[in-house]
Amino acid sequence: MTGGKSRWMNEEEDAEVEAQRKREKEEKKSAKLEKQRKLEEEARRRAEPTTSKNRTDIGLDRPTKRRRLSPDKDELVTATQQMKLLRFSASEWGPCRLVDNFERLNHIEEGSYGWVSRARESATGEVVALKKLKMDNLNDGFPVTALREIQTLKESKHRHIVGLREVVVGNTLDDVYLVMEFLEHDLKTLQEDMAEPFLPSEIKTLLLQLGSAVEYLHDHWILHANLKTSNILMNNRGEIKIADFGMARYFGDPPPPKMTQLVVTLWYRAPELLLGTEDYGKPIDIWSVGCIFGELLTKEPLLQGKNEVDELSKIFELCGIPTEETWPGFKRLPNARSLRLPRTHQTVGSVIRSKFPFLTSAGSQLLISLLSLNPARRPTATEMLAHPYFKEDPRPKSTAMFPTFPSKAGQERRKRMASPSAPKRGDAPKMDVQGLDFSGIFAGRDMEESGAGFQLKLV
Amino acid sequence: MQTSQLANPLATVEQISSSGSQLDGIPADLEHSIQFAGARLTQAAGILLRLPQEIIAQAIVIFTRFWIGSEGGSLAEYGAEQVSSASLYLIAKLSAYPKSPRSILNVYAYLDSFSSTFIEPGKLQANNPESYYLSEGSYHAQRTLLLRTEAHILRILGFQTHVSLPYTLCINYLQTLDVFSQPRASELAKRAFAHLNTALLSPQLLYLTHQPPCLATAAIYLAAREVGVKLPDNEWWEVFDTDREELGFLVVGLMSMEGFVAEEKAQWGKRKVPMSVDDVEAEIERRKIMNGNG
C-alpha cells in the first residue's frame, strides 16, 4: 500500500502531462461530438419540421390558469432537442383549482374516508367522481391517511387503478376534494343485483385485472391494505379499477417500524393482522384477493366474521388450524398467546376444496394458495397471474364480451347493505382480553365421517 | 405519461422566472437570503429533532418549492420560519418518524433563542434547551398557525408531496463505478454526500431544476476531483442519465456554494435574517431609511 502511494507521488508530473494529453483528446472528442450532434439535429429538423411546434402545443393545451411568461420558450425547445439521453418525464406542480369548476350531479356513497358524488366539469362537460375528504383528526393537521391516499394515487398510473385527475379545494381550508375517473359500478353493488354469480370465464378476467393492478402496486412499494369488492369499480366495458386508497401506504424491505395492524376491512383481513403482527407486507393484499376470488365464485362474501375473534375462527374453519410446521412462528404473534387450539393434529386441514365443488382443481389450488394462513406461503401477484388456472378452459372472457348492467351510481342513490367498513384509527383490537378458545371449532368433525350416506371425498 | 418514482416534479420556466415575493415587491437578494436561512433552519431543526437526513432533505425541497412561481407563497404573507416548521411537520408525518406539533414548535422556539442566524453546526446545542420552551398559550397559538400553514403548503403545491432524493442513487453509482475497492472511497462518498446536502441550500434551486440522477452524478464528479479518486476516462456520466452540459452546470453550481455562503455570512454578520412577516417588513423599512440617508 505504501509503495503504491509513493509511486503515485513520483508520478505526479507524469500524471499531469498525461492529464493534459487526455484533456486535449477529450476536447477534440467533444468538438467532434458537437459537430455530429449538430449534423444530426439538422437532419432531424429537415425530417420533421413540425416537431418543435407540436411540443409547444402540448404544453399549451393543458388547461391552466397559471400566468405564462413569453421568454425562454424557444430556448427550452431547442435545449430539449439537443439532448440525446433518455430522460425521466418530469411532472410539475401548481396550486389547486377550486371545486367550483365542477357541478355536482348526484351522491354516490359515503366511504370510510369521505363522501363521493358524481360531478361534471363545467368547462369540458366530462363526468367525474368527486370525493370530499373527511377531516377528522384536526388536532394533527391534515389527516395522514388522506395524504397517503393522494400520494399513492398520484404515483399509480395503471389501467386497472382508478385515476386521480387532480385535487381541488373549496373556500375553507378543510374543503378538499379528489377528482377521479367515474366508473358506473362497484363489484359489490353489482353482485347484489345479479341473479347468478359471474361465469368462470368472467371471474378469470376480473382476477387477472385485479392481479395486474396489485402487481403494479407492489412493484411500486405500495400496499393497498383495503382490497374488497366495494372498492373495486367496474365500467360497462368489463374493465375493473381498484379505488379507495384511504388505507394505502408505502412500505419497504424491511418494513417500516410500528405499522398499525388496523388495516383492511374485517372480512378481508389476513390472519397475521388479526393475530396482531406489526411486521406485514404484500401478503395481506394477496389474502384479500383470495377473499375476493371466493366472493366472486358464490356472490357472497367468503368470511363474514362478526368481530375479530369470530373472523379468525371463520378463517380457521375454512383454512384449517395452523401448526408450527405449516406456519412457523405464528404462536409468537401478539394475539396468538391467548389462542387455545385443539390439541389433536389430525385432519384439521382446509375445506376450501369441498366448499367450492364446481371449481376446477387448478382453481381450488390457486384459491388455497391465496388463502394460505402462513403469509410466506401466499403467492406474489406475479406468481398468481402465471397460475395454470388462467390457462385452462374456459379461457378468460374478453372484456368487450362482458354483459352491461344498469348503473346505480350513475342514476340513483344507492342502498347501503350491511357490511363492515374499514377499521377506524385508534380502536385497538381487544383480542387479548378474553381467552380465545378455538378448540371447539372442529369438535364435531370426527363424528361427521361416521355418519351414514355417500359422500364424494373432496378434502 | 408514466413517471418514475425516482424522478421529481420539476419547476417550470415560468415558476423559476417569477415568485410571489417578487410580485409583492420583496427585493430578490433579500428573498434569496431568507430562503437560504430558511433551508438552513429546517436542516438545524431536523438535526435537533433527530430526524433522518432523508426526511430533512425532503422537507427542505418542499420548503423551497413553496416559494417559487407567481402563484407560490409570498414572504409578505408567510414567514420563512412558519413554512420551514410546517414543511418539516408535514414530511415527518408522512414518514415512519412522525413528530408532534409540540416537539416541532419547541425546537423552533429553541433555535430562535440564538442571537445570530448563522449558528455553527457544532454549537447547535450550546444554549440551554431547558430555558427555552413555549408557554401553553403561545403553544396553542403557534400550533394553529403550524396546521394552517401546512394546509396552505398543500394547496400551493397542489398536494404534490413527492420528493425523491439522490443519496441512495449516489451510493449505487459509486458501487457501479467500482470505487469502493480504492483506498479513499469512503472519503469520496462522504464528500459527495456533503455536496448533496449543500446543494439543498442552493439559491439556484438545484433540487427543483435537476433530477436526482444528475445531482448524484455531479456530486460524485466534483467529490472525486477534490478527494483525488480516479474515475473512468470515458463519459461515464452518460450511463447515469446526465449529459456533459448538465454535469458542467451542476458542478459549477455546487462549487459556487462556498462563495455564496461566505457572502451571506458577511452580509448579515451578527444580525438575524428576518424569518417572519413582521421582520421582513421591518427589514424593508430599514433598507428604505438607509437608502434615504445614503
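Residues numbered from 1 in each chain as written. Chains lettered and ligands numbered in written order. Predicted model: local features only at pLDDT ≥ 70, side-chain atom pairs only at ≥ 80, totals over all residues. Heavy atoms only, no water.

Per an unreviewed UniProt entry, chain B carries the name Cyclin-L2 and comes from Glonium stellatum.

The following threshold applies: UniProt positions are given in the numbering used here, feature names are shortened, and annotations may be inferred rather than shown by experiment.
The name that an unreviewed UniProt entry assigns to chain A is cyclin-dependent kinase, with the source organism given as Glonium stellatum. Annotation of chain A in UniProt includes, under Sequence similarities (unreviewed entry), the sentence "Belongs to the protein kinase superfamily. CMGC Ser/Thr protein kinase family. CDC2/CDKX subfamily."

## Things to note about the overall build of chain A
Note the threshold: Strands here are runs of E lasting at least two residues and helices are runs of H or I lasting at least four, both read from the DSSP assignment and numbered beginning at the N terminus. With a 1.4 Å probe rolled over the protein chains alone, any residue whose accessible area is under 20% of its type maximum counts as buried; one over 50% counts as exposed, and the rest are partly exposed. We call two residues in contact whenever any of their non-hydrogen atoms come within 4.5 Å of each other.
Across its full length, chain A holds 15 helices and 13 strands. When the 459 residues of chain A are sorted by exposure, 46% land in the buried category. In chain A, the share of contacts with a sequence separation of at least 24, taken over all contacts with a separation of at least 6, comes to 69%.

## Overview of the sheet that holds strand E9 (residues 232–234) of chain A
The strands making up a sheet are joined through hydrogen bonds of the backbone, oriented either antiparallel or parallel. Residue and element names in this part refer to chain A. Here is the rule: When DSSP finds at least two bridges between two strands, those strands are taken to pair. For every element, the axis is a line fit to its C-alpha atoms; helices are fit only across the contacting stretch, and the angle between N-to-C directions ranges from 0 to 180 degrees.
Taken in spatial order, the 3 strands make up an open sheet running E7-E9-E10, and their pairing is antiparallel. Two strands close off the open sheet at either side, each with one partner strand: strand E7 (185–186) and strand E10 (240–242). In this structure, E7 lies alongside E9, joined through 2 bridges in antiparallel fashion. Along E9, the bridge assignment pairs Asp-186 with Leu-233. Helix H7 (residues 200–219) rests against E9 and E10 of the sheet, and its axis sits at about 30° to E10.

## Some thoughts on the domain arrangement of chain A
All names here are of chain A. Defined as follows: For the domains described, the bounds stem from an automatic or database domain assignment. Joining two parts hides part of their accessible area as seen by a 1.4 Å probe, and the buried area is that hidden amount summed over both. Any carboxyl oxygen of Asp or Glu that lies within 4 Å of a side-chain nitrogen of Lys or Arg is treated as forming a salt bridge with it. Classes in brief: Ala, Val, Leu, Ile, Met, Phe, Trp, Tyr, Cys and Pro nonpolar; Asp, Glu, Lys and Arg charged; the others, Gly included, polar.
In terms of domains, chain A is made up of domain 1 (97–181) and domain 2 (185–458). Listed per partner, the contact involves 27 residues of domain 1 and 28 residues of domain 2. Across the interface of domain 1 and domain 2, roughly 2600 Å² is buried in total on both sides, 52% from carbon and sulfur atoms. At the junction of domain 1 and domain 2, the tally comes to 3 salt bridges. We note a salt bridge from Glu-181 to Lys-241, for which the minimum N-O separation is 3.2 Å. Those elements that place two or more of their residues in the side of domain 1 that touches domain 2 are strand E2 (102–111) and helix H5 (144–155). With 8 residues, the top contributor of residues to the side of domain 1 that touches domain 2 is H5. Residues belonging to the side of domain 1 that touches domain 2 are distributed by class as follows: 6 nonpolar, 10 polar and 11 charged.

## Overview of the packing of helix H6 (residues 101–112) of chain B against helix H7 (residues 136–156) of chain B
All names here are of chain B. Operational definition: Roughly parallel refers to an angle under 35 degrees, roughly antiparallel to one over 145, roughly perpendicular to one between 65 and 115, and oblique to any angle outside these ranges.
Relative to each other, H6 and H7 sit at 105°, their axes nearing to 10 Å. One finds that H6 runs roughly perpendicular with respect to H7. Contacts from Pro-101, Arg-102 and Leu-105 of H6 reach H7 at Glu-136, Tyr-139, Gln-142, Arg-143 and Leu-146.

## Re the domain arrangement of chain B
All names here are of chain B. For clarity, the cut-off: By the criterion applied in these results, polar contacts are pairs of N or O atoms within 3.5 Å in which, for protein atoms, one can donate a hydrogen and the other can accept it, and in which residues neighboring in sequence qualify only through two side-chain atoms.
Here the domain parsing of chain B yields domain 1 (17–162 + 270–290) and domain 2 (167–255). Using C-alpha coordinates to define each centre, domain 1 is positioned 28 Å away from domain 2. The interface is formed by 13 residues belonging to domain 1 together with 8 residues belonging to domain 2. Taken together, the two surfaces of domain 1 and domain 2 that pack against each other cover about 850 Å², and 82% of this comes from carbon and sulfur. Run the count over domain 1 and domain 2 and you get 0 salt bridges. At the boundary of domain 1 and domain 2, one finds 2 residue pairs in polar contact (both at pLDDT 80 or more). Of all elements in the fold, only helix H3 (28–48) and helix H4 (53–67) reach the threshold of two or more residues within the side of domain 1 that touches domain 2. Classifying every residue of the side of domain 1 that touches domain 2 by side-chain character gives 6 nonpolar, 5 polar and 2 charged.

## Points about the packing of H3(B) against H4(B)
All names here are of chain B. We count it as follows: Note on convention: the crossing is left-handed when the near helix lies turned anticlockwise from the far helix by less than a right angle, right-handed when the turn is clockwise.
Their axes nearest at 9 Å, the elements H3 and H4 cross at an angle of 155°. By the angle between their directions, the pair H3 and H4 is classed as roughly antiparallel. Judged by the twist between their axes, the crossing of H3 over H4 is right-handed. Packed against H3, whose contacting residues are Gln-35, Gly-38, Ala-39, Thr-42, Gln-43, Gly-46 and Ile-47, the element H4 presents Gln-53, Ile-56, Ala-59, Ile-60, Phe-63 and Trp-67 at the interface. For the contact of H3 with H4, the class distribution of residues is 7 nonpolar, 6 polar and no charged.

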